[in-house]
Amino acid sequence: MKKIQMVDLKGQYEKIKDTVNYSILEVLDTTAFINGPEVQSFQKELEEYLDVKHVIPCANGTDALQIAMMGLGLKPGDEVITADFTFAATVEVIALLQLTPVLVDVEPDTFNIDPEAIRKAITPKTKAIVPVHLFGQSANMDAIMEIAEEHGLYVIEDNAQAIGANYHFKNGNTKKAGAIGHVASTSFFPSKNLGCYGDGGAIFTNDDELAHTIRGIVNHGMYERYHHDVVGVNSRLDSIQAAVLRAKLPNLNEYNKARQEAARKYSEAFKDVEGVIVPFTEGEADTHVYHQYTLKIANGKRDALAKHLLEKGIPFGVYYPIPLHSQKAYKDERYNEADFPVTNQLVQEVISLPMHTELDEEQIDYITKTIKDFLNQ
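Residues numbered from 1 in each chain as written. Predicted model: local features only at pLDDT ≥ 70, side-chain atom pairs only at ≥ 80, totals over all residues. Heavy atoms only, no water.

Another point: the nonpolar core. Grouped together as the largest cluster of nonpolar side chains are 31 residues, with contacts concentrated most on Ile81, Phe85, Val104, Ile113, Ile118 and Ile144. Counting only elements with at least two residues in this core, the list comes to strand S2 (79-83), strand S3 (100-104), helix H6 (115-121), helix H7 (141-151) and helix H12 (341-349). The element best represented in this core is H7, accounting for four residues. Excluding residues that lie within four positions of it along the chain, valine 104 makes contacts with Ile81, Thr82, Ala83, Asp84, Ile113, Ala117, Ile118, Ala121 and Phe340. (Core = buried A, V, L, I, M, F, W, Y, C linked by side-chain atoms within 4.5 Å. Buried < 20%, exposed > 50% of the residue type's maximum accessible area, 1.4 Å probe, protein only. Helix = DSSP H or I, 4+ residues; strand = E, 2+ residues; numbered from the N terminus. Contact = heavy atoms within 4.5 Å.)

Right, let's get into the packing of aromatic side chains. By the definition in use, this model includes 14 aromatic pairs. With a centroid separation of 5.5 Å and 75° between ring planes, the pair formed by phenylalanine 42 and phenylalanine 188 is classed as edge-to-face. Remark: phenylalanine 188 occurs in the loop between strand S8 (183-187) and strand S9 (201-205) and phenylalanine 42 occurs in helix H3 (residues 37-50); sequence separation between them is 146 residues. For phenylalanine 188, a relative accessible area of 0% gives the class buried. (Phe/Tyr/Trp six-rings, centres within 6.5 Å; stacked < 30°, edge-to-face > 60°.)

A side chain of one charge can pair with a side chain of the opposite charge if their charged atoms are brought near each other. Tallying each qualifying case throughout the model produces 14 salt bridges. Taking the shortest distance from any N to any O, the salt bridge between arginine 119 and glutamate 150 comes out at 2.9 Å. Taken as a pair, arginine 119 in helix H6 and glutamate 150 in helix H7 lie far apart in primary sequence, 31 residues in all. Judged by its relative accessible area of 47%, glutamate 150 is partly exposed. Among the charged side chains, a network of salt bridges with common partners joins Glu116, Arg119, Glu146 and Glu150. (Salt bridge = Lys/Arg side-chain N within 4 Å of Asp/Glu carboxyl O.)

Right, let's talk about helix H5 (residues 89-96) for a bit. All buried positions along H5 are accounted for by Ala89, Thr90, Val91, Val93 and Ile94. Lining the buried residues of H5 we find helix H4 (61-71), S2, S3, strand S4 (126-130) and strand S5 (154-158). Directly beyond the C-terminal end of H5, a positive phi value near 60° is found at glutamine 98.

It is worth spelling out unusual backbone geometry at this point. Here the residue pair tyrosine 319 and tyrosine 320 is connected by a cis peptide bond, since its omega of 20° sits within 30 degrees of zero. Mapped onto the fold, tyrosine 320 is located in the loop between helix H11 (302-311) and H12. Despite not being glycine, asparagine 35 shows a phi value in the positive range, around 55°. As for its position among the elements, asparagine 35 is in the loop between helix H2 (17-30) and H3. The class for asparagine 35 is partly exposed, based on a relative accessible area of 40%.

Another aspect to go through is the pairing of S2. Buried residues dominate S2, accounting for five of its five residues. Across four bridges, S2 lies against S4 in parallel orientation. Paired with threonine 82 across the bridge in S4 is valine 130. (Pairing = 2+ DSSP bridges.)

Have a look at this one:
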C-alpha cells in the first residue's frame, strides 16, 4: 500500500507533469512574471467556468477576503456577521479593517452558518454577511440572500473550500458557489481543490463597478501607472502560479468527482458504525466537493481515535479545535456561550480523514477498517 497522506500533491502532479512543466517554462521564457498573459488567460477561463462576469486574481485567499471588503467601502465599526466555526482568516480580515466581527453559530449537519442565528444577530450597524462554504459544501444561500435583501446587507462568500461546488436554488436554478453573493473570495493554497504551487487567490463578482474598484485595490490603487485613485494594496497572482492553475482548471470537475467518490466509499463503510456520523450533503450530490471529509465521533472518543490513527500511520486533521469566539484574539464580552451550542460540540467531535484526488481503494479500506476496529473494541 502507498503511504497515506492527508493530501497527495505529488501524485496529482505526476498526472499533469508535462503540461505544468511546459507552462512554467513558457513563463520563464517570456519573463512576464507579474500580470503576464498566463494571469489574463486564467482569469478569463475561470470566469467562464464559474459563469461569473469578473474574476480578479490576487496573492492569496486572505487578501481576497480583505480586498472584497475594502471594495464594498465598509467603514470602521460596521458589523460583519460570520460563522464561529471556521478558519481564523475569515474573522481576521474583519478585525484588520477595524470592522466589528459578529460571530454566530452553525448548523449541526452541514456545519455552515445558521441563517436563524444571522437573523438574531442583525443590528442597525450590520452591513454584511460572510457565509463560509465550509469543507466543500455551500451554505444555505437561498435563506442568506433573502435575509440580506430584507435588511439591505452585502453578502461576501468565503469560497476558499468549495470551488466547483454547485448550489441548487429552491426555484430550480443552479449556480456555482462563489457566483451568488455580491462578491466572493477564494484561495488557491496548494491543498485546495484547485490549488497552485505557492500562494494565490481571487475575487469574483458580477458587479461591474465593484470589479473596477477591486482591480485598482489589488494594484496599489492604480488604474493608470503612478496615478493612485483609491487606497490599495500589493496583491497580485504571479504568472507561474497562474500557469499551474490553468493546467489544473480543466481537470477541476474530475478532481471533485474523485473526491466525491472517495467520500462515498468512506460513508458506505461507516454507515452502520455506532457513534460515527458521516458528512451530510444538502440536496444534490454535486453540492459538496469535499475539501475535507469530516466525521463526528460521539461519546467522547474523538481524541482517543486521533491518537490511535497516529499510531497506525494514518494522518488526520481536527478542523477546528477552538471556536473563534474563544480565541484570545477574538474574545469579546458580547459573546455568550449559550449562543454557540453547535460549535462548542463540534470542536469536541470533528475529525477529518485523508481526502484528495489520489486516494485508492486499498488506502480507504485500511483507514476505515482501522477506525471501525478501534470503535468496536
